[in-house]
Amino acid sequence: MVIGKDGSGKRYDHLVRDCFRSGGYVFAGKAGDIARKEGITRVARLGSNENPNPPSPGAIRLGSTALNEANRYPDETLDLLVQCLSRTYGPYDFITGVGMDGVIETLIRTLVSPGDRVAVATPTFSFYGLAGMAQSAEVVPVGRNKDYSVDPGLFIDAAGNAKISFLCSPNNPTGTITPFKDVTEILSGIDGVLFLDNAYVEFCDVDYLPLMKDYENLVIGRTMSKAYALAGARVGYAFAPAWLLPYFRRASTPFTLNSVSARAAIGALEDRGSMEAYVRHVRLWRERYVMECSFPVAPSGANFIMADVSPWTGDAMVRELAVRGVIVRSCASFPGLPDHFIRVSVGADWENELFLKEIRSIREAGSGLTARKQGAP
Ligand SMILES: *Cc1c(COP(=O)(O)O)cnc(C)c1O
């Protein structure tokens, strides 16, 4: 029997809301845990689509300097960051947050009341649905075609009366790019806001920004976590229509993005050489992954690929690679996807080489590993 610290035996966990009783975001394996468990010193970290290099020198310089003034609250309107974004991209309106995840969460809080619909082009990044559920929304998954492209007509039918719908391009985890004209068709066809998640847009050739001047219901989300190598700093922002800004501000916590991260982001946006080099590196490796992965790979516009590893399950392949010192992500937790896919980031040369070598050897060992194929531990 539970006595409790005060001896009363009272329990409090029934107070927790139903939507948080199970589930939640699924993370990639931790390098430290895997190294310890498998007795390896170097682990290839290809599970979270991070840039394997440090932030640019400019980002490190400005972030470090900002720490000197961290006794003060940040500027609540983040003027310097917003000005830097305008210098970089042009005269748009911006909203910011603690990672793009923070932008998504606040935007849902701004627009969605309990019971409102939130549509999501699925399979995709799981956080849209989780954030919608946390706001007691009715989350409506909209299936993609067999090749993971979006059917605009189907999307419009499902998302027509949703307060907000989510479309990720290039899509996580499939890598699929939604063509500009399909996004146009969707924007004209729906009544709510479209959140176009461009976390990986730096790695592809489509520029969706011109849409901002024609549509008042478009928000384009960006992050400093992937191409810009600032995942740990948690900086996200979005291009947003002007009407949304005051409401978004009211819905957000008084101070969101911290002053150190905001200055590091400015440094990264002003000093882009290392980001551009990483993008070139990704484009080369993406091709090699397609040719040398030894399992079918979907075409990708991002810094990762998704491979179909059947007859292995994604979970079994993740365990098999972890033993060999390579962290990749199983796609089993992505709603709407069968259980036999893995997502593999483009990391540093040695990490990518190690992944290709190990997955080839797993494939060749083939039948010797059948017990694991079924997902046995
Ligand atoms: C990584 C990722 C994000 C979140 O980025 P943060 O800015 O680190 O919160 C958002 N959307 C997609 C599709 C992502 O893959």
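Every value quoted in this text rests on a predicted model; they were computed, and no experiment measured them. (Residues numbered from 1 in each chain as written. Predicted model: local features only at pLDDT ≥ 70, side-chain atom pairs only at ≥ 80, totals over all residues. Heavy atoms only, no water.)

Draft legend 1. Local environment of the overall build of the protein. Helix and strand counts for the protein stand at 13 helices and 12 strands. For 377 residues, the compact-globule formula gives about 21 Å, and the C-alpha radius of gyration of the protein, at 22 Å, lands near that figure. Judged by the C-alpha coordinates and their principal axes, the protein covers about 60 × 60 × 50 Å. Counting over 377 residues, the protein shows a buried share of 52%. If you sum the accessible surface of the protein, you get close to 17,500 Å²; carbon and sulfur atoms cover 54% of it. (Helix = DSSP H or I, 4+ residues; strand = E, 2+ residues; numbered from the N terminus. Rg over C-alpha atoms; globule rule 2.2 N^0.38 Å. Buried < 20%, exposed > 50% of the residue type's maximum accessible area, 1.4 Å probe, protein only. Areas by Shrake-Rupley, 256 points an atom, 1.4 Å probe, with all protein chains shown as cover.)

Draft legend 2. Local environment of the packing of aromatic side chains. Enumeration according to the criterion identifies 17 aromatic pairs in this entry. Centre to centre, the rings of Tyr-92 and Phe-239 are 5.2 Å apart; their planes meet at 85°, and the pair counts as edge-to-face. Linking Tyr-92 in the loop between helix 3 (79-89) and strand 2 (94-98) with Phe-239 in strand 8 (residues 235-239), this pair joins segments that are 147 residues apart in sequence. Note on Phe-94 and Phe-239: the rings are 5.0 Å apart at their centroids and 50° apart in plane angle, and the pair reads as tilted. A residue pair is termed long-range when its members are at least 10 positions apart, and Phe-94 in strand 2 and Phe-239 in strand 8 qualify at 145 residues. For the pair formed by Phe-94 and Phe-239, the shared burial category is buried. Just above the ring of Phe-304 sits the side chain of Arg-343; from NZ or CZ to the centre is 5.8 Å. (Phe/Tyr/Trp six-rings, centres within 6.5 Å; stacked < 30°, edge-to-face > 60°. Lys NZ or Arg CZ within 6 Å of the ring centre and 35° of its normal.)

Draft legend 3. Molecular detail of the nonpolar core. Counting residues in each nonpolar core, the largest one holds 106 residues, and the members touching the most others are Ile-342 and Phe-355. Formed jointly, this core draws a minimum of three residues from each of two domains, domain 1 (13-53 + 274-366) and domain 2 (57-270). Leave out the neighbours within four places in its chain, and Phe-355 touches Leu-46, Tyr-289, Cys-293, Leu-321, Val-326, Val-328, Ile-342 and Val-344. Core analysis: the second largest hydrophobic core is formed by seven residues, Ala-31, Ile-34, Ala-35 and Ala-322 among them. (Core = buried A, V, L, I, M, F, W, Y, C linked by side-chain atoms within 4.5 Å. Domains from an automatic or database assignment. Contact = heavy atoms within 4.5 Å.)

Draft legend 4. Spatial organisation of the site of the ligand. In the neighbourhood of the ligand, 14 residues make up the surrounding shell, with Met-100, Asp-197, Tyr-200, Thr-223 and Lys-226 lying closest. At 3.0 Å from an oxygen atom of the ligand is found a main-chain nitrogen or oxygen belonging to Asp-101. Here an oxygen atom of the ligand sits 3.0 Å away from a polar atom, N or O, in the side chain of Lys-226. Contact with the protein chains removes 94% of the 380 Å² of surface that the ligand exposes when unbound. Top contributing element to the shell around the ligand by residue count: helix 4 (residues 99-111), with three residues. Of the residues contributing to the shell around the ligand, the split by class is six nonpolar, four polar and four charged. (Near = heavy atom within 4 Å. Polar contact = N/O pair within 3.5 Å; in protein donor to acceptor, adjacent residues only side chain to side chain. Nonpolar A, V, L, I, M, F, W, Y, C, P; charged D, E, K, R; others polar.)

Draft legend 5. Quick look at the packing of helix 4 against helix 5 (residues 127-134). Following both chains from N to C, one finds helix 4 and helix 5 inclined at 35°, their axes separated by 9 Å at the closest point. Regarding helix 4 and helix 5, the two cross each other, and that crossing is right-handed. Judged by residue contacts, Asp-101, Ile-104, Glu-105 and Ile-108 of helix 4 engage Phe-127, Tyr-128, Ala-131 and Gly-132 from helix 5. Of the residues assigned to the contact of helix 4 with helix 5, the class counts are five nonpolar, one polar and two charged. (Axes fitted to C-alpha atoms, helices over the stretch in contact; angles between N-to-C directions. Left-handed = near helix turned anticlockwise from the far one by under 90°.)

Draft legend 6. Seen up close, the domain arrangement of the protein. What the domain assignment reports for the protein is domain 1 (13-53 + 274-366) and domain 2 (57-270). The straight-line distance from the C-alpha centre of domain 1 to that of domain 2 is 24 Å. Each partner contributes to the interface: domain 1 provides 31 residues, whereas domain 2 provides 28 residues. Between domain 1 and domain 2 lies a buried interface of about 2,300 Å² when both sides are counted; carbon and sulfur atoms form 62% of it. (Buried area = accessible area lost by both parts, 1.4 Å probe.)

Draft legend 7. Quick look at the sheet that holds strand 12 (residues 341-345). Across the sheet, three strands lie side by side as 9-12-11; this open sheet has antiparallel pairing. Edge positions in the sheet fall to strand 9 (304-308) and strand 11 (329-330), since each of these pairs with one other strand and no more. Pairing of strand 9 with strand 12 involves five bridges; the strand directions are antiparallel. Residue pairing in the sheet places Asp-308 in a bridge with Phe-341 of strand 12. (Pairing = 2+ DSSP bridges.)

Draft legend 8. Fine view of the pattern of salt bridges. Evaluated as defined, the whole model comprises 18 salt bridges. The partner of Asp-18 in a salt bridge is Arg-21, with the nearest N and O atoms 3.5 Å apart. Classification of Asp-18 as exposed rests on a relative accessible area of 67%. Residues Glu-358 and Lys-357 are paired through a salt bridge, measuring 3.3 Å at the closest nitrogen-oxygen approach. A cluster of three or more residues bridged by salt bridges with shared partners is formed by Arg-288, Glu-292, Glu-353 and Arg-360. (Salt bridge = Lys/Arg side-chain N within 4 Å of Asp/Glu carboxyl O.)

Draft legend 9. Layout of the packing of helix 3 against helix 9 (residues 259-270). Taken N-terminus to C-terminus, the directions of helix 3 and helix 9 make an angle of 15°; their axes are 9 Å apart at the nearest point. For the element pair helix 3 / helix 9, the angle class is roughly parallel. As for the relative orientation of helix 3 and helix 9, their crossing is left-handed in sense. On helix 9, the residues that touch Leu-80, Leu-81, Cys-84, Leu-85, Arg-87, Thr-88 and Tyr-89 of helix 3 are Ala-262, Arg-263, Ala-265, Ile-266, Leu-269 and Glu-270. When its residues are assigned to classes, the contact of helix 3 with helix 9 shows nine nonpolar, one polar and three charged. (Parallel < 35°, antiparallel > 145°, perpendicular 65-115°, else oblique.)

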